[in-house]
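Summary of the model geometry
Okay, here's what each chain looks like letter by letter:
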Amino acid sequence: MGYATNPIKQFDIIEIFSFGSINGFDLVFTNSALMMLVSVAIISGWLILTTRGRGLVPSRLQLVSEITYGFIANMIRTSTGSEGMKFFPLVFSLFTFILVSNILGLYPYFFSVSSQLIVTVALALLVMGIVIFYGVWKNGFKFLKIFVPSGIPLVVLIIVVPIEVLSFLSRPLSLSLRLFGNMLAGAIVVKVFAGFVVSLTAMGLIGIIGAILPLAMTVALTGLEFLVAALQAFVFTILTCVYLNDAIHPGH
Amino acid sequence: MEVEAAKMIGAGIATIGMGGAGIGVGIIFGNYLSGALRNPAAAGQFTNLIFGFAVTEALGIFSLLIALLLLFVV
Amino acid sequence: MAGDTTKTDMQAQTIDQNGEEIVIKLDGKDAYGEQLQTSTQYPKEEKPFPPFDPATFGPQLFWLVISFGALYLLMSKIALPKIGEILEVRRDRIEGDLAEAERLRQKTEQAIENYETELATARAKSHEIAEKTRTEIKSELDAKHSEVEAELSKKLSIAEARIKETKLAALVNVDEIASETLVSVISKLSTKISIKDARDAVKSVVKG
């Protein structure tokens with residue numbers, strides 16, 4: 001099965017060149033690393049170049065940067081209060097990185113960084129690590145109040161606290177798997193329908209006529225995947241804000 | 001080869017779990033829509049809507065993950 | 001995968017049993033000329049699913065740290081402060097413009113108020129002047145009126161006095177005429193009568 005028909009093939013990591021290895025650790029530059037750097041270059045280039053003019057009346061491109069800024073700033077302010085604004089660069093970087101790499105991954109023959117488990121797990125662990133360290137550093141033992149909902153009788157607490165602990169522990173899992181699963185499944189589904197087009201067109205005229213249906217499906221699914229790409233970036237960001245809010249104000 | 005077949009069947013069964021997540025997501029969006037249409041002032045709860053959607057959908061993704069694990073890892 | 005290792009084991013066993021095939025194993029090919037599956041080299045189809053392949057974790061993590069770290073630094077040090085500054089400058093400018101507009105508006109209102117007070121005082125003043133003039137004219141008029149009246153009444157009284165005098169004189173003359181008439185009548189009739197008696201008689205008649 002070639003690249004065009006095998007839906008799994010798009011996740012292959014291909015080595016482009018290697019920087020050699022340090023202490024047995026391969027510093028290979030792969031297509032995954034290339035796409036990460038491309039995402040970073042697009043985000044930084046966009047934000048820095050469009051705001052170069054510092055226009056008092058913004059141009060259209062500058063307006064996109066400003067709207068993104070205002071959107072994220074507003075999201076943090078409404079969910080964590082003004083105290084959460086110190087995490088603004090982090091949340092902004094997370095949102096733009098996930099959004100751009102999700103959307104880039106939708107282009108044919110592009111590699112989808114966010115459909116690599118290790119990438120989403122690393123981002124989720126980064127968020128949860130910051131939540132735990134900041135929460136403990138700022139609140140000390142009071143941080144444990146996130147496991148104890150207020151206004152609940154002691155007897156019920158015996159049941160509720162383990163559930164809260166479990167829910168807290170499942171947060172990094174669900175945070176990473178949601179992004180990973182959505183992008184992976186979306187990419188596979190689009191690829192499966194595109195593969196139908198390829199294999200049907202090989203069957204001659206009848207096949208080509210029959211391929212119209214999966215082609216239309218591929219187009220529709222690509223549109224849906226653009227929606228999902230933006231939605232998952234938003235979901236990851238809003239959950240990050242909610243978790244950061246727990247670290248800033250424990251005890252709900 | 002029987003093991004391979006069992007994995008495939010197991011993966012297929014595991015994806016049924018996503019149907020539950022689909023029902024849940026449908027209920028969330030449907031209730032949001034009916035609430036927002038009855039009382040347009042309630043349409044400002046968009047963030048909570050997305051939050052509920054995300055939490056519900058994660059459970060479906062778990063079953064998808066089980067299917068993927070069965071197919072490619074175990 | 002589990003199936004492959006058993007397959008390799010089986011091949012290794014056959015090779016052990018038939019010593020001559022060891023050469024073929026070193027070639028890397030089995031009896032049918034197909035590539036042997038050894039543990040060090042992954043065959044194309046048996047490669048693990050890339051997202052779950054632990055061999056890719058290290059390099060991806062490494063590049064993720066580099067790229068995301070670079071993104072974070074670029075955002076927090078360059079891009080976001082710049083956008084924030086642009087927004088702040090704009091907000092300051094808008095606020096400044098609004099304050100300036102408010103200041104000008106207040107100035108205009110002040111000017112209107114001044115104008116109105118001035119107008120009111122002017123109106124009051126003109127009213128006062130008009131009133132004053134009116135009273136002045138009226139008093140003057142009154143004075144003249146009373147003067148004229150006084151003169152008129154004086155003239156009237158003089159005239160009345162003269163009329164009275166004339167009347168008196170006339171009355172005296174009437175008495176005289178009556179007495180003389182009486183004298184002439186009496187003398188014509190009978191006896192002589194002194195003018196003095198006649199006058200007394202007239203007088204008594206007039207009085208009576």
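Here is a short report on the structure shown in this document. Just so you know, these numbers come straight off a predicted model, no measurement behind them.

What follows deals with the interface of chain C and chain A. Listed by partner, the interface residues are 33 residues for chain C and 48 residues for chain A. Surface buried jointly by chain C and chain A totals about 3,700 Å² across both partners, of which 78% is contributed by carbon and sulfur atoms. Together, C:Gln60, C:Trp63 and C:Phe68 form the three largest contributors to the area buried by chain C at its contact with chain A, with a combined 18%. One can count 1 salt bridge joining chain C with chain A.

Next up on the list: the nonpolar core. If you look at the biggest cluster of nonpolar residues, it comprises 68 residues, and the most contacted ones within it are A:Ile72, A:Phe88, A:Phe97, A:Leu123, A:Phe236, C:Phe68 and C:Met75. Where this core is concerned, the elements lending two or more residues are helix H1 (31-50), helix H2 (60-80), helix H3 (88-105), helix H4 (117-139), helix H5 (154-201) and helix H7 (212-248) of chain A, helix H3 (46-72) of chain B together with helix H3 (57-189) of chain C. The greatest single-element share of this core, amounting to 12 residues, is contributed by H7(A). Once residues within four sequence positions are removed from consideration, A:Phe236 is found in contact with A:Leu94, A:Ile98, A:Leu123, A:Ala124, A:Val127, A:Leu175 and A:Leu179. The next biggest cluster of nonpolar side chains, apart from the first, holds 14 residues, and it includes A:Phe11, A:Leu177, B:Leu64 and C:Phe52.

The next thing to look at is the environment of B:Leu59. Looking at where B:Leu59 falls in the secondary structure, it is placed in helix H3. With 51 residues separating them in the primary sequence, B:Leu59 and B:Met8 have C-alpha atoms 21 Å apart.

On to a nonpolar patch on the surface, then. Residues and elements named next belong to chain A. Together, Ile16, Phe17, Phe19 and Leu34 line one region of the surface with nonpolar side chains, adding up to about 370 Å² of accessible area. The element best represented in the nonpolar patch is strand E1 (residues 15-22), accounting for 3 residues. Here Leu34 is to be found in helix H1. The exposure class assigned to Leu34 is partly exposed, which follows from its relative accessible area of 35%.

Here we take up the environment of C:Ser187. Here C:Ser187 shows up in helix H3. Put simply, C:Ser187 and C:Glu151 are 36 residues apart on the chain and 52 Å apart in space, counted from C-alpha to C-alpha.

Looking now at H2(A). The first and last C-alpha atoms of H2(A) sit 30 Å apart over 21 residues, in line with the 30 Å expected at 1.5 Å per residue. Within H2(A), burial applies to A:Gln62, A:Ser65, A:Glu66, A:Tyr69, A:Ile72, A:Ala73, A:Met75, A:Ile76, A:Ser79 and A:Thr80. For H2(A), the secondary structure elements touched by its buried residues are H1, H3 and H7 of chain A together with H3 of chain C. Of the residues one or two after H2(A), A:Gly81 is the one with positive phi, at around 85 degrees.

A few words now on H4(A). In this model H4(A) runs 32 Å from its N-terminal to its C-terminal C-alpha over 23 residues, within 8% of the 33 Å that 1.5 Å per residue would give. A:Gly140 sits one or two residues past H4(A) and shows a positive phi near 65 degrees.

With that out of the way, let us pick up the packing of H4(A) against H3(C). Between H4(A) and H3(C), the shortest axis-to-axis distance is 9 Å and the interhelical angle comes to 50 degrees. The angle between H4(A) and H3(C) falls in the class oblique. In terms of crossing hand, the pair formed by H4(A) and H3(C) is right-handed. Where H4(A) approaches H3(C), its residues A:Ile118, A:Val119, A:Ala122, A:Leu123 and A:Leu126 are matched on the opposing element by C:Phe57, C:Gln60, C:Leu61, C:Leu64 and C:Phe68. Looking at the contact of H4(A) with H3(C) residue by residue, the classes come out as 9 nonpolar, 1 polar and no charged.

All names here are of chain C. For the structure on display, the rule yields 9 salt bridges over all chains. A salt bridge links Arg93 to Asp97; its shortest N-O distance comes to 3.5 Å. Of this pair, Arg93 and Asp97 both sit in helix H3, 4 residues apart, which is roughly one turn of that helix. The exposure class assigned to Asp97 is partly exposed, which follows from its relative accessible area of 42%. The closest approach of N and O atoms between Arg103 and Glu100, which form a salt bridge, is 3.1 Å.

Criteria and thresholds
- Residues numbered from 1 in each chain as written.
- Chains lettered and ligands numbered in written order.
- Predicted model: local features only at pLDDT ≥ 70, side-chain atom pairs only at ≥ 80, totals over all residues.
- Heavy atoms only, no water.
- Contact = heavy atoms within 4.5 Å.
- Buried area = accessible area lost by both parts, 1.4 Å probe.
- Salt bridge = Lys/Arg side-chain N within 4 Å of Asp/Glu carboxyl O.
- Core = buried A, V, L, I, M, F, W, Y, C linked by side-chain atoms within 4.5 Å.
- Buried < 20%, exposed > 50% of the residue type's maximum accessible area, 1.4 Å probe, protein only.
- Helix = DSSP H or I, 4+ residues; strand = E, 2+ residues; numbered from the N terminus.
- Patch = residues over 30% accessible without salt bridge, like charges linked within 9 Å, V, L, I, M, F, W, Y side chains within 5 Å.
- Areas by Shrake-Rupley, 256 points an atom, 1.4 Å probe, with all protein chains shown as cover.
- Expected span 1.5 Å × (residues − 1).
- Axes fitted to C-alpha atoms, helices over the stretch in contact; angles between N-to-C directions.
- Parallel < 35°, antiparallel > 145°, perpendicular 65-115°, else oblique.
- Left-handed = near helix turned anticlockwise from the far one by under 90°.
- Nonpolar A, V, L, I, M, F, W, Y, C, P; charged D, E, K, R; others polar.

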